[in-house]
Amino acid sequence: MTKALPILSALLASAALHLSPATAGEAGTRDILVPSESRQRDLAVTIWYPSAGGGERVMVGENRVFAGSPALADAKPAEGSYPLVVLSHGSGSTVKGMAWLAGALASAGYVVAGPNHPGTTSGHSTPADTPKIWERTDDLSTLVSALEADPQWGKLIDTSAIGVVGFSLGGAAAMEFAGATASLEDYARYCETYPAMADCNWFAGGTAYVDKTLVAVDPLDLRTVDKARFEQSNRDSRLKSAVLVDPSVARAFDADSLKNIEIPMSFINLGQSGTVPVSVEAADLARLTPNGTHAYVADAVHYSFLPQCTPEAKPFLQSVDETDPICDDPGPRTRADIHAELVTLITSAFDRTLKPAK
């Protein structure tokens, strides 16, 4: 799973850079607030959608380290009704860190929306909040309900065709949104067996990010997590398809729960067989689901799902003593090439499962 990196905490939440006006054919985008009863606060949500032009071209998520992705701010929505895909970002990131994928899906005929998950979002991410996957799935359900009920968005969405795509911790949330359940004891044993894995290291590390500040916290004993909440079913029956990219908690999901998931589950791992960390290896998960598929993206690593990096990123990261290789893709492929393959895999999965056959 991605962890709450210092530089990500400072940069991923940056505002979009405004550029020149543009025309139809590009994705529209809009930021909204969605009230959450369980969170007792509003969720910050970004939406991408097929546009009819207008608006102002922006680079969503652009900052000193990461290149943004183009979209038309407040563009007029295109006519029609489109499948809805909800996004769940990785730990310590933001939904705008998935803009490169969201914009491509919107241009392919989807309404795409995702919340920033409080407690595991850039600038405010803690080990204690990280295992609370039930909060993330509630965010997703709350978002779907809000969009369905909204006079504008409800008209734009085909409520019979709802999908989810999640990365890392977001992949675990997407799995549970589809009906998977996990064992807290199995997760605790996994961290005892593999303490060097990123999620286990995060739980034991004794640090957190609160209001964009690194603070000291007690190491988290996973067995102190609310067991009933961790193991409950978070299935949303409205969901028709799921794409899971490097899903965390992979070693703790209950096999029987996976066998009972009827919707298509498209698993993707970043890397070749044998190179993917056990924390997110999903081939066995795919085999357990009745309608599961699995693909590897060669010459990729976990960080390859992050946005493309700017030319000045590496010198800047060195200057701030950032040690995590968030801009390094070790193989011969560029991150842009890896992203292109991921866009093809994810769009094709949703085209097969959410759009009626012609």
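Residues numbered from 1 in each chain as written. Predicted model: local features only at pLDDT ≥ 70, side-chain atom pairs only at ≥ 80, totals over all residues. Heavy atoms only, no water.

(A) Up close: the environment of Asn234. Residue placement: Asn234 occurs in the loop between α8 (227–231) and β13 (239–245). Sequence spacing of Asn234 and Ile133 is 101 residues, and the spatial spacing of their C-alpha atoms is 8.9 Å. When residues no more than four places from it in sequence are discounted, the contact partners of Asn234 are Trp134, Thr137, Glu176 and Phe177. For Asn234, the side chain forms a polar contact with the side chain of Glu176, separated by 2.7 Å. (Helix = DSSP H or I, 4+ residues; strand = E, 2+ residues; numbered from the N terminus. Contact = heavy atoms within 4.5 Å. Polar contact = N/O pair within 3.5 Å; in protein donor to acceptor, adjacent residues only side chain to side chain.)

(B) Geometry of the packing of helix α3 (residues 133–149) against helix α5 (residues 169–178). Direction vectors running N to C along α3 and α5 enclose 65 degrees, while the axes themselves pass 9 Å from each other. Relative to α5, α3 is oriented roughly perpendicular. The element α3 and its partner α5 pack so that their crossing is right-handed. Taken together, the residues of α5 that come into contact with α3 (itself represented by Ile133, Arg136, Thr137, Leu140, Ser141 and Val144) are Leu169, Gly170, Ala172, Ala173, Glu176 and Phe177. The class makeup of the residues in the contact of α3 with α5 is seven nonpolar, three polar and two charged. (Axes fitted to C-alpha atoms, helices over the stretch in contact; angles between N-to-C directions. Parallel < 35°, antiparallel > 145°, perpendicular 65-115°, else oblique. Left-handed = near helix turned anticlockwise from the far one by under 90°. Nonpolar A, V, L, I, M, F, W, Y, C, P; charged D, E, K, R; others polar.)

(C) Looking closely at the pairing of strand β7 (residues 111–115). Counting buried positions along β7 yields five of five residues, so the element is predominantly enclosed. Across four bridges, strand β3 (residues 41–50) lies against β7 in antiparallel orientation. Within the sheet, the bridge partner assigned to Trp48 lies in β7 and is Val112. Relative to β7, strand β6 (residues 82–88) runs parallel, the two being bridged by three bridges. Each residue of the ladder has a partner; that of Val85, found in β7, is Val112. (Buried < 20%, exposed > 50% of the residue type's maximum accessible area, 1.4 Å probe, protein only. Pairing = 2+ DSSP bridges.)

(D) A look at the packing of helix α2 (residues 99–107) against helix α12 (residues 335–354). Packing of α2 against α12 brings their axes to within 10 Å, and their N-to-C directions diverge by 45 degrees. It follows from the interaxial angle that α2 and α12 lie oblique. Crossing handedness for the pair α2 and α12: right-handed. Facing Trp100, Leu101, Ala104 and Leu105 of α2, the residues of α12 in contact are His339, Leu342, Val343, Ile346, Thr347 and Phe350. Class assignment for the residues of the contact of α2 with α12 results in eight nonpolar, two polar and no charged.

(E) Expanded view of the pattern of salt bridges. The full count for this structure, using the stated rule, is 19 salt bridges. Across the pair Arg335 and Asp329 runs a salt bridge, and its minimum N-O distance is 2.9 Å. The exposure classification of Arg335 matches that of Asp329, with both residues buried. A salt bridge links Asp351 to Lys355, with the nearest nitrogen and oxygen atoms 3.6 Å apart. Overall, Asp351 belongs to the partly exposed group, its relative accessible area being 32%. On the accessibility criterion, Lys355 (28% relative accessible area) is partly exposed. Connected via shared salt-bridge partners are Glu185, Arg189, Glu192 and Arg223. (Salt bridge = Lys/Arg side-chain N within 4 Å of Asp/Glu carboxyl O.)

(F) Molecular detail of the pairing of strand β10 (residues 157–167). Burial analysis of β10 places eight of its 11 residues in the buried class, which makes it a mostly covered element. For β6 and β10, the ladder comprises seven bridges, and the chain directions are parallel. From the neighbouring strand, Ser88 faces β10, where its bridge partner is Gly166. Note: β10 against β13, six bridges, orientation parallel. The partner of Val164 across the bridge, within β13, is Ala242.

Keep in mind these values describe shape, not function.
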